[in-house]
Number of protein chains: 2
Amino acid sequence: MQTASHFIAVDWGTTRLRAFLCSIKPDGSLTLVTRSAGLGVSKSPLSFEDTLMQCISPWEFEHGKLPVLMSGQIGSSIGWKETAYLPCPISPQELAKSCVHFNCNGYDISVIPGLSCQLENDNYDCMRGEELQILGWLQLAEENQKGRHLVCLPGTHTKWVLVEDGKIKLFKTALTGELFDLIANHSVLIQEKSKLFNQEAFDCGAAFTLNSEMGSFMHGLFSVRSRQLFGQLGKDEATSYLSGLLIGSDIRAAMNATEWDLTKIDKVSIIGAPHLSRCFSRVLESQSLKTEICKVTATTLLGFNSVFQSTNHLNKQSA
Amino acid sequence: MQTASHFIAVDWGTTRLRAFLCSIKPDGSLTLVTRSAGLGVSKSPLSFEDTLMQCISPWEFEHGKLPVLMSGQIGSSIGWKETAYLPCPISPQELAKSCVHFNCNGYDISVIPGLSCQLENDNYDCMRGEELQILGWLQLAEENQKGRHLVCLPGTHTKWVLVEDGKIKLFKTALTGELFDLIANHSVLIQEKSKLFNQEAFDCGAAFTLNSEMGSFMHGLFSVRSRQLFGQLGKDEATSYLSGLLIGSDIRAAMNATEWDLTKIDKVSIIGAPHLSRCFSRVLESQSLKTEICKVTATTLLGFNSVFQSTNHLNKQSA
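As the structure is a prediction and not an experimental result, all values here were calculated from the model.

This brings us to helix H9 (residues 238–256) of chain B. The end-to-end C-alpha separation of H9(B) is 27 Å, in line with the 27 Å expected for 19 residues at 1.5 Å each. Where burial is concerned, most of H9(B) is hidden: 17 out of the 19 residues are buried.

What follows is the structure in structure tokens.
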């Protein structure tokens with residue numbers, strides 16, 4: 001069996017499909033050649049096969065039928081091939097070994113499973129797709145594979161991931177982004193959602209949550225409205241203030257989490273959209289915590305490459 | 001000037017208008033004769049005058065043009081006659097003295113102002129309408145007028161009101177009910193809202209918030225989804241679990257509030273819709289706190305009566 005020098009990474013979530021044609025140099029490093037996009041698991045009117053082929057078949061003429069790695073909701077119960085949630089702690093090698101393989105239209109496809117972990121109070125958490133960012137982050141620096149690290153993946157659902165000695169140990173999900181959208185678009189707190197970001201209002205919201213008494217999130221939210229009523233907050237500043245309030249609350253929960261001790265962790269690595277990552281970084285740094293922002297696409301593709309190298313290696317062994 | 005033996009109380013909020021024809025016995029006690037309903041401040045296509053007249057003019061034939069007391073958003077900037085928010089601490093007498101009076105179509109109308117208070121972090125809170133329930137609660141028992149008491153008004157926005165020696169000292173608003181509606185109807189956490197209440201799931205949600213580490217609300221919310229994914233919670237139980245989670249969080253915030261010390265307060269008085277009041281009572285009692293549930297309409301009308309007696313008394317003095 002020949003070692004492929006190209007593969008296709010597919011990040012296939014609920015609302016979007018993102019496909020990346022990647023090239024691997026002999027030293028194992030990765031270059032993104034080109035990309036395409038399609039509709040997510042719950043959005044596409046086409047079959048999963050047709051949706052995928054629309055995105056990747058244009059690359060066939062030049063490259064042939066490349067190996068395809070897929071992650072995200074495509075591996076869930078509402079996806080194409082259901083994969084189990086693998087329990088943490090887990091190493092990248094164990095994750096790669098558990099991929100579900102099938103053939104479609106002449107393509108060798110591997111679906112990367114999601115992860116689960118057990119938290120306090122007999123409560124479970126789970127992720128599908130974000131694990132690739134962690135695998136990639138582990139490749140970013142040798143020091144990431146030793147010791148205890150906290151990685152923050154802000155988004156619709158923020159994931160806080162504890163990595164220990166190269167393994168994903170556990171993680172916690174916060175509904176930050178989804179709550180922001182719900183409240184900004186549908187509540188009485190904000191009459192008109194502003195698209196302009198206001199740094200001062202954001203800082204004020206974050207400071208309010210971080211400096212308030214314990215457990216006051218439900219009470220603090222009303223300040224979005226009362227501050228407008230009492231002339232402390234402009235209507236066009238309310239959205240940014242709300243964002244600060246929610247991110248402040250998310251970070252406060254992470255600071256109080258019993259699963260890790262943030263004061264004993266060197267830095268928090270943040271992998272997310274640039275503006276959101278800067279917001280999280282700013283609030284964390286205001287609490288005297290060091291942060292590092294990592295590029296989301298590059299890190300995710302490093303993760304896919306890590307799985308690709310492992311499965312490729314396994315294939316070579318079994319060949 | 002003659003002392004009226006009847007008056008009309010109008011609770012006029014954003015979505016609903018509720019008018020009550022009340023009769024006063026010579027000893028000052030109140031009987032509800034009949035009621036009518038109309039559309040709220042932001043809902044009615046008619047003018048405020050026409051909306052009100054539709055509700056109360058049928059009573060004119062028998063009773064003439066009775067005095068009308070109004071409270072709620074009708075006194076706000078989007079209402080009919082804007083009244084200021086009066087700062088706490090405030091006594092019922094001071095509140096009654098600050099009513100805004102006007103004449104409409106031969107009716108003497110008094111609008112009862114809302115209240116504001118200043119909390120930690122230069123944050124204000126406000127209410128319009130709920131203050132009548134507190135005024136009424138003060139009339140329920142003589143002991144309510146002495147010492148420190150906490151009154152909980154659950155609803156779209158829960159109000160926690162600290163009463164001290166017969167005055168409304170301060171209060172805090174939590175977005176509990178509104179968040180419940182947003183999350184139950186619009187989030188990924190709940191696929192299908194269940195109308196059946198499940199006590200066990202509710203208790204489980206409340207226990208989860210109350211026993212979790214500090215500040216974990218944003219993280220805890222995701223358990224609504226993960227518990228369904230991992231078979232710990234039925235789809236038809238998720239709505240009740242979410243309700244428990246939110247009410248637990250609201251109560252936890254009240255227990256941690258620095259403005260009062262719940263362990264030093266005899267009992268929490270709850271004034272709200274029956275089912276919701278029982279939910280709050282159950283969770284508070286699970287935390288070894290005593291509660292008392294008061295009937296919402298009867299208590300509100302007692303509050304209107306207290307204002308009516310004061311303004312009537314003032315009128316008699318000035319006559």
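Residues of chain A with pLDDT of at least 70 account for 96%, and the chain-wide mean is 92. On the interface metric, ipTM, the complex scores 0.89, and its pTM is 0.92.

Residue-level contacts link 52 residues of chain A with 52 residues of chain B. Roughly 4,500 Å² is buried in total at the junction of chain A and chain B, and carbon and sulfur atoms are behind 63% of that figure. Along the contact surface separating chain A from chain B lie zero salt bridges. At the surface where chain A touches chain B, the tally comes to eight residue pairs in polar contact (both at pLDDT 80 or more). Considering only residue class, the side of chain A that touches chain B consists of 23 nonpolar, 19 polar and ten charged.

On to the sheet that holds strand S3 (residues 30–39) of chain A. Residues and elements named next belong to chain A. Strand order in the open sheet made by the six strands is S3-S2-S1-S4-S7-S6, with mixed pairing throughout. Where the open sheet ends on each side, the last strands, each with one partner, are S3 and strand S6 (100–104). Here the strands of the sheet are splayed against their neighbours by 25° on average, with no regard to which way each runs. Sheet analysis places strand S1 (residues 6–12) next to strand S4 (residues 68–71), joined by four bridges and oriented parallel. Its bridge partner lying in S4, Val10 is registered against Met70.

Residues and elements named next belong to chain B. Orientation of helix H5 (residues 176–186) relative to H9, taken along the N-to-C sense of each, is 150°, at an axis distance of 10 Å. By the angle between their directions, the pair H5 and H9 is classed as roughly antiparallel. The crossing of H5 and H9 is right-handed. For the pair formed by H5 and H9, the contact residues are Thr176, Leu179, Phe180, Ile183 and Ala184 on the first element and Thr239, Leu242, Ser243, Leu246, Ile247 and Asp250 on the second. Broken down by class, the residue content of the contact of H5 with H9 amounts to seven nonpolar, three polar and one charged.

The next point concerns the pairing of S4(A). All names here are of chain A. Where burial is concerned, the two faces of S4 agree: the one with Val68 and Met70 and the one with Leu69 and Ser71 are both buried. Pairing geometry for S4 and strand S7 (residues 107–111), over three bridges, is parallel. Residue Met70 lies in a different strand from S7, and its bridge partner there is Val111.

Looking now at the pairing of strand S3 (residues 30–39) of chain B. With nine bridges connecting them, strand S2 (residues 16–24) of chain B and S3(B) associate as antiparallel partners. Bridge pairing in S3(B) places Ser23(B) opposite Thr31(B).

What follows deals with the domain arrangement of chain A. It is common to give the size of an interface as the accessible area lost on bringing the parts into contact. Along its sequence, chain A is organised into domain 1 (6–130 + 303–318) and domain 2 (173–294). Relative placement of domain 1 of chain A and domain 2 of chain A: their C-alpha centres are 32 Å apart.

Residue and element names in this part refer to chain B. Taken as a whole and assessed by the stated rule, the structure comprises 19 aromatic pairs over all chains. When the centroid spacing of 5.2 Å and the interplanar angle of 70° are considered together, the rings of Trp80 and Phe102 count as edge-to-face. Within this pair, whereas Trp80 is found in the loop between strand S4 (68–71) and strand S5 (85–87), its partner Phe102 is found in strand S6 (residues 100–104), the two being separated by 22 residues in sequence. Residue Trp80 is classed as partly exposed on the basis of its relative accessible area of 21%.

Rules used in this analysis
Residues numbered from 1 in each chain as written. Chains lettered and ligands numbered in written order. Predicted model: local features only at pLDDT ≥ 70, side-chain atom pairs only at ≥ 80, totals over all residues. Heavy atoms only, no water. Helix = DSSP H or I, 4+ residues; strand = E, 2+ residues; numbered from the N terminus. Expected span 1.5 Å × (residues − 1). Buried < 20%, exposed > 50% of the residue type's maximum accessible area, 1.4 Å probe, protein only. pLDDT = per-residue confidence, 0-100. Contact = heavy atoms within 4.5 Å. Buried area = accessible area lost by both parts, 1.4 Å probe. Salt bridge = Lys/Arg side-chain N within 4 Å of Asp/Glu carboxyl O. Polar contact = N/O pair within 3.5 Å; in protein donor to acceptor, adjacent residues only side chain to side chain. Nonpolar A, V, L, I, M, F, W, Y, C, P; charged D, E, K, R; others polar. Pairing = 2+ DSSP bridges. Axes fitted to C-alpha atoms, helices over the stretch in contact; angles between N-to-C directions. Parallel < 35°, antiparallel > 145°, perpendicular 65-115°, else oblique. Left-handed = near helix turned anticlockwise from the far one by under 90°. Domains from an automatic or database assignment. Phe/Tyr/Trp six-rings, centres within 6.5 Å; stacked < 30°, edge-to-face > 60°.

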